[in-house]
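# Coordinates in review
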Amino acid sequence: MLFFGSSKKLKKTLQGIHAIFFWFILGFCLALLTLFLHLPGFSQQSVTISILMRGGEAQQWQPLVQEFEQEHPEINLQVIEAPNDTNQVEDLYTASFLLGNSPYDLVFMDIIWTPKFAAAGWLKDLSGYLSPAELDQFLPGDVQGGMYQGKLYRIPFRSDAGMLYYRHDLLAQAGYEPPETFAELITISQDLQQQGLAEWGYVWQGKQYEGLSAMFVEILQGSGAFWVDPQTLEVGLDRPEAIAAVKFLQNTLTTKISPSGVTTYAEEETRRLFQNGKTVFLRNWPYVYSLALDSPIAGKYSIKPMVHGENQSSGACQGGWGIGISASSKHPEAAWKVIQFFIKEESQKKYALANGYVPSLKSLFNDSEIVAKYNHYPELLKVLENAALRPPIPQYAQASDILQRYLSAAVTNTMSPEKAMEKAAAETRRLLSVSDK
Ligand code: GLC
């Protein structure tokens, strides 16, 4: 009986404790919720925006990524590293879009991808996101490279153009002016090699990849030749001037001004040879300039527009990288905030000063801090003004693949320049006529 009585009491006490506990937890949760709702960053749901980019550059983005996240605690910017060759990154993006549900909100795009990605419907139309006056602040070639059929799909982040680097100390020592023509480049190289001033005369990107096509566009332009006319889709690769352009590359190997290894070199291999003082001339992009400031040849090199044939003019391949938004992104507003942050003058300036890349905003070419660090900028602007486009057609990736294969066959002596260009032209015509139907 006693036991029965005290168990009833116990039950009541327990019920009381439960009730107090329940109200306490509820109150605590409500207080937490109110706190979270008032904290900056918790008031909006945090989103993750992802972007895929070449490994080296992904690292270089980090300081700006951190700054962006501090400014926008509601956005987590995830930079995913890819291999360094542009076509490998393009393949990864392409595969993700073809499979559907691409994990990438932003597309860090080489200038040559725009027509293909836009035509496939993978990119959001960004026309009207910037006013005409705002767009006018960018270098025109870079804006043009983001357009497809009158619409804007890619906002330029950094510009690029191919150029000739030369050792002004060695040229002065041997009494030469910098070369203007292909023939002068060969003669000066041979002479300096014979005098023992350098092991090699000229290094260029001869590996079978996109860099080979980019470099060849400059030799084509300097030979008065063309690859594909984007308006008429006419193919010029089997014309005598284009064959002469291939023969110039072949001559650099037969005269031994270029090492046979160039047929396997991309940008970085050629940069290292130049920085280590092994060659007089180098074809490369502007990023080399700042890296070589910290090398044994510091203060001994200059840049100029690429050499060309007699009575022809220089061509600089227009390169460059910009940012687009995936059509499938679930967070296009947050993605646009990332673009706005990265393209603004302050960010581009920091990026250029830290990494030597060329800004896409014209104003920065006269910025005192940038010009103080990179006194080659006035010369660089001249190079950019002569920029030659790789054909802006949706089938560009396949056309470039065809050119790379046959050009590689010619420079490695497995096919004559005539045969190689005849085949490249025929295959390109087939590609363009098939995809035209
Ligand atoms: C540079 C250029 C790019 C080009 C690539 C080739 O990154 O900016 O446009 O396609 O080199 O390797």
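Look up: the structure comes first, before these words.
Residues numbered from 1 in each chain as written. Predicted model: local features only at pLDDT ≥ 70, side-chain atom pairs only at ≥ 80, totals over all residues. Heavy atoms only, no water.

## Topic: the pairing of strand β7 (residues 163-167)
- Taking burial as the measure, the five residues of β7 include five buried ones, the bulk of the element.
- Burial along β7 is two-sided: M163, Y165 and R167 facing one way and L164 and Y166 facing the other are all buried.
- Pairing of β7 with strand β9 (residues 279-284) involves four bridges; the strand directions are antiparallel. By the bridge assignment, Y165 is partnered in β9 with L282.
- Pairing geometry for β7 and strand β10 (residues 301-304), over four bridges, is antiparallel. When the sheet's bridge partners are listed, L164 is paired in β10 with K304. (Buried < 20%, exposed > 50% of the residue type's maximum accessible area, 1.4 Å probe, protein only. Helix = DSSP H or I, 4+ residues; strand = E, 2+ residues; numbered from the N terminus. Pairing = 2+ DSSP bridges.)

## Side note on the nonpolar core
- One finds W61, Y93 and F216 to be the most contacted residues of the largest nonpolar core, which totals 135 residues.
- Lining this core are residues from two domains, each supplying at least three of them: domain 1 (47-160 + 319-387) and domain 2 (162-317 + 390-436).
- Ignoring anything within four residues of it in the chain, the contact list for Y93 reads I51, L52, Y104, L106, V107, F108, W113 and F117. (Core = buried A, V, L, I, M, F, W, Y, C linked by side-chain atoms within 4.5 Å. Domains from an automatic or database assignment. Contact = heavy atoms within 4.5 Å.)

## Here's the deal with helix α16 (residues 377-385)
- Along α16, the residues that are buried comprise Y377, L380, V383 and L384. Down the axis of α16, the buried set is contained in an arc of 105°. They therefore lie on one face. Those residues of α16 that are exposed and aimed more than 90 degrees away from the buried face are P378 and E385. (Arc of directions from axis to C-beta.)

## Here we look at the site of the ligand
- Near the ligand lie 14 residues; those nearest to it are D110, D160, E267, G320 and R390.
- Interatomic distance of 2.6 Å between a side-chain N/O atom of D110 and an oxygen atom of the ligand.
- G320 is positioned with one of its backbone polar atoms (N or O) 3.0 Å from an oxygen atom of the ligand.
- For the ligand, whose unbound accessible area comes to 310 Å², protein coverage reaches 97%.
- Among the elements that take part in the shell around the ligand, strand β11 (residues 316-325) stands out by supplying three residues, more than any other.
- In terms of residue class, the shell around the ligand is made up of four nonpolar, four polar and six charged.
- Two domains each donate at least three residues to the shell around the ligand, and these are domain 1 (47-160 + 319-387) and domain 2 (162-317 + 390-436). (Near = heavy atom within 4 Å. Polar contact = N/O pair within 3.5 Å; in protein donor to acceptor, adjacent residues only side chain to side chain. Areas by Shrake-Rupley, 256 points an atom, 1.4 Å probe, with all protein chains shown as cover. Nonpolar A, V, L, I, M, F, W, Y, C, P; charged D, E, K, R; others polar.)

## Concerning the side chain of T252
- As for its position among the elements, T252 is in helix α10 (residues 240-254).
- Exposure remark for T252: the relative accessible area of 0% places this residue in the buried category.
- Apart from the residues lying within four places of it in its own chain, the contact partners of T252 are Y202, W204, I257 and S258.

## Looking at the packing of aromatic side chains
- Overall, the coordinates contain 28 aromatic pairs when judged by the stated rule.
- Here F157 and Y351 contribute two aromatic rings whose centre-to-centre distance is 4.9 Å and whose plane-to-plane angle is 50°, an arrangement assigned as tilted. Taken as a pair, F157 in strand β6 (residues 155-161) and Y351 in helix α14 (residues 345-355) lie far apart in primary sequence, 194 residues in all. You'll find F157 and Y351 in the same group, each marked buried.
- Judged by centre distance (5.0 Å) and plane angle (70°), the rings of Y289 and Y301 are edge-to-face. Taken as a pair, Y289 in helix α12 (residues 287-292) and Y301 in strand β10 lie far apart in primary sequence, twelve residues in all. Comparing Y289 with Y301, the two get one shared label, buried.
- Over the aromatic face of Y357 sits the side chain of R158, whose NZ or CZ is 3.9 Å from the ring centroid.
- Across the ring face of Y209, the terminal group of K207 is positioned such that the distance to the ring centre comes to 5.3 Å. (Phe/Tyr/Trp six-rings, centres within 6.5 Å; stacked < 30°, edge-to-face > 60°. Lys NZ or Arg CZ within 6 Å of the ring centre and 35° of its normal.)

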